[in-house]
Amino acid sequence: MSPLFPALATAGSAPALRFGDRALNYAELESAATALAARIAGAGRVMLWATPTAESAVAVIGALLAGIPVVPVNPKSGERELAHIVGDSSPDLILAASGVPLPAPLSALPRVDIDIDAGHPEVRRFTEPDPETPALIIYTSGTTGPPKGVVLPRRAIRASLDGLAQAWQWTAADVLVHALPLFHVHGLVLGILGPLRRGGSVRHLGTFDVDGVARELRCGATMFFGVPTMYHRLADAVAQRPELAEALAGARLLVSGSAALAPRDYAAISAATGRTIIERYGMTETLMNTSVRLDAAPRPGTVGVPLPGVDVRLAEEDGRVIAGHDGRTVGEIQVRGANLFTEYLGRPDATAAAFDGDWFRTGDMGTLDADGTLRIVGRKSTDLIKSGGYKIGAGEIENVLLEHPGVAEAAVTGAPDNDLGERIVAWVVPVDPVHPPRTAELADHVARRLAPHKRPRTVHLLNSLPRNDMGKVVKTALRA
């Protein structure tokens, strides 16, 4: 089996990582990572205090070289969540940058400091582990209970990154700029491991900054990976800042993920730059499932077609597979392929419940066009609204609300209704809080563009929507 990161041994002085003013070429990265791998060799499982730093990137590469699964943890996690993850994953030790203090649930663990500045003259070669060897254990957000540890094998990382390389024509010549956290799939697997598998380089901004994105794209970066919150800020600035428009226009690839991109922001950036934004669909348990292909026509509002080696189907609530793809029928998205996780750590019951044979039940709802193009309409648990005998996806209503000139942000949920079963409730952040759009105006706006049964029956005006670290709206907080 070829190594997960072949460029480590061959790319030499080519740039690999840059975090702020700290940079490593491939030879330096290999030296630091193999030195760490030698220090932790024999450990069963390691935890990583996943700050957005070069140390975190070196730690993950080092552990993967040694064949040791890594449990990245969010530095913003609270004490109770950290205690749960430590107890659930039972790590042998924790990796952290030198001098960084750790909170109580982690400070009791044996610690190995990551020192990328120390000299490492000898490079030790490690044998590539079996493809089924666990690589990462990433914890879910825990919206429906305590977070579950998703065990991702090396073959899933390999399959997803190679599938994206085909869809995006991703090569060693690409330079990625991003500012995502490093404790989840988007920021760590796509944003760090992706460029390194290709033999390219990544420039991490530390924290998102419009000026930083523009600067890096003007200085040779070819790709930007972001979440909708970042693209919203870029869209707000791009029409008034010619230098930002020029920088974005020069990018080879702009990718948005982790949540649906607002049509207004897509349109604003496209109009100012002539560039389209590619959306893709993945989750912790599956890594990447689908993407709009670089060589395909733009499909705003869709997440593209299945990646090579991935199968996608829709199913009814009773499990029956929906035959035929008409672009309208909503069903639960199910996937299978080499990109799937192995298990929920220590949860055979949850693992079994998540699968129908070898098909993973994503819990997401969507439609499929005849050509296999997937459109997400929301989560089964929070975004599927059953009103008046219809199955309605919250996402399509949200997108239409965002087309109204008086709406800055929007979320849609269902609420119990004696007559309809559920009524549609809209949560709106107005552009002008002093003169917000009227409820009837918004309801009519939706009814004209979609259908009368999809109009909001209740509208709540808010100053902001509750969001998590990835910019996703926390709908349980709205309901509460």
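As shown above, the structure is provided for reference.
Just so you know, these numbers come straight off a predicted model, no measurement behind them.

Visitor: Is there a simple way to think about the pattern of salt bridges in this case?
Guide: Oppositely charged side chains can pair when the atoms bearing their charge come close. What the rule picks out here adds up to 27 salt bridges. Put simply, Arg18, Arg203, Arg215 and Glu216 are held in one network by salt bridges that share partners.

Visitor: I keep staring at the environment of Leu48 and nothing clicks. Help me out?
Guide: The residue Leu48 is located in strand S3 (residues 46-49) in this model. Residues Leu48 and Asn74, spaced 26 residues apart in sequence, show a C-alpha to C-alpha distance of 8.9 Å. Not counting residues within four places of it along the chain, the set of residues in contact with Leu48 comprises Ser56, Ala59, Val60, Val70, Val71, Pro72, Val73, Leu95 and Ile114.

Visitor: What is the right way to look at the sheet that holds strand S24 (residues 407-417) in this model?
Guide: The strands that make up a sheet pair up through hydrogen bonds in the backbone, lying either parallel or antiparallel. Pairing within the open sheet is mixed, and its 3 strands lie in the order S24-S25-S26. Each end of this open sheet is capped by a strand with a single partner; those strands are S24 and strand S26 (458-461). Between one strand axis and the next, the sheet turns through 25° on average, direction left out of account. Of the pairings in the sheet, the one linking S24 to strand S25 (residues 421-430) comprises 10 bridges and is antiparallel in character. When the sheet's bridge partners are listed, Pro416 is paired in S25 with Glu422.

Visitor: Help me understand the packing of helix H2 (residues 26-40) against helix H3 (residues 54-66), please; the structure alone is not making it clear to me.
Guide: Any two packed helices are characterised by the angle at which their axes cross and by the distance between the axes. Viewed as axis vectors pointing N to C, H2 and H3 meet at an angle of 60°, and their least axial separation amounts to 8 Å. Between H2 and H3, the crossing angle belongs to the class labelled oblique. Of the two elements, H2 crosses H3, and the hand of that crossing is right-handed. The segment H2 lies against H3, with Leu29, Ala32, Ala33, Thr34, Leu36, Ala37 and Ile40 engaging Val58, Ala59, Ile61, Gly62, Ala63, Leu65 and Ala66. For the contact of H2 with H3, the class distribution of residues is 12 nonpolar, 2 polar and no charged.

Visitor: Can you walk me through the sheet that holds strand S15 (residues 305-306) in this structure?
Guide: With mixed pairing, 9 strands are arranged side by side in an open sheet as S2-S1-S10-S9-S11-S12-S13-S14-S15. Across the chains shown, the open sheet's two edge strands, defined by having one partner strand only, are strand S2 (22-25) and S15. Two strands pair when backbone bridges link them, and strand S13 (residues 278-283) and strand S14 (residues 287-291) are joined in this way by 4 bridges, in the antiparallel orientation. Looking at S14, one finds that Met283 is bridged to Leu287. Where H2 meets the sheet, it contacts strand S1 (15-19) and S2, and its direction lies at approximately 95° from that of S2. Across the face of the sheet, helix H9 (residues 228-238) comes into contact with strand S11 (223-226) and strand S12 (253-256) while running at roughly 120° to S11.

Cut-off values and rules
- Residues numbered from 1 in each chain as written.
- Predicted model: local features only at pLDDT ≥ 70, side-chain atom pairs only at ≥ 80, totals over all residues.
- Heavy atoms only, no water.
- Salt bridge = Lys/Arg side-chain N within 4 Å of Asp/Glu carboxyl O.
- Helix = DSSP H or I, 4+ residues; strand = E, 2+ residues; numbered from the N terminus.
- Contact = heavy atoms within 4.5 Å.
- Pairing = 2+ DSSP bridges.
- Axes fitted to C-alpha atoms, helices over the stretch in contact; angles between N-to-C directions.
- Parallel < 35°, antiparallel > 145°, perpendicular 65-115°, else oblique.
- Left-handed = near helix turned anticlockwise from the far one by under 90°.
- Nonpolar A, V, L, I, M, F, W, Y, C, P; charged D, E, K, R; others polar.

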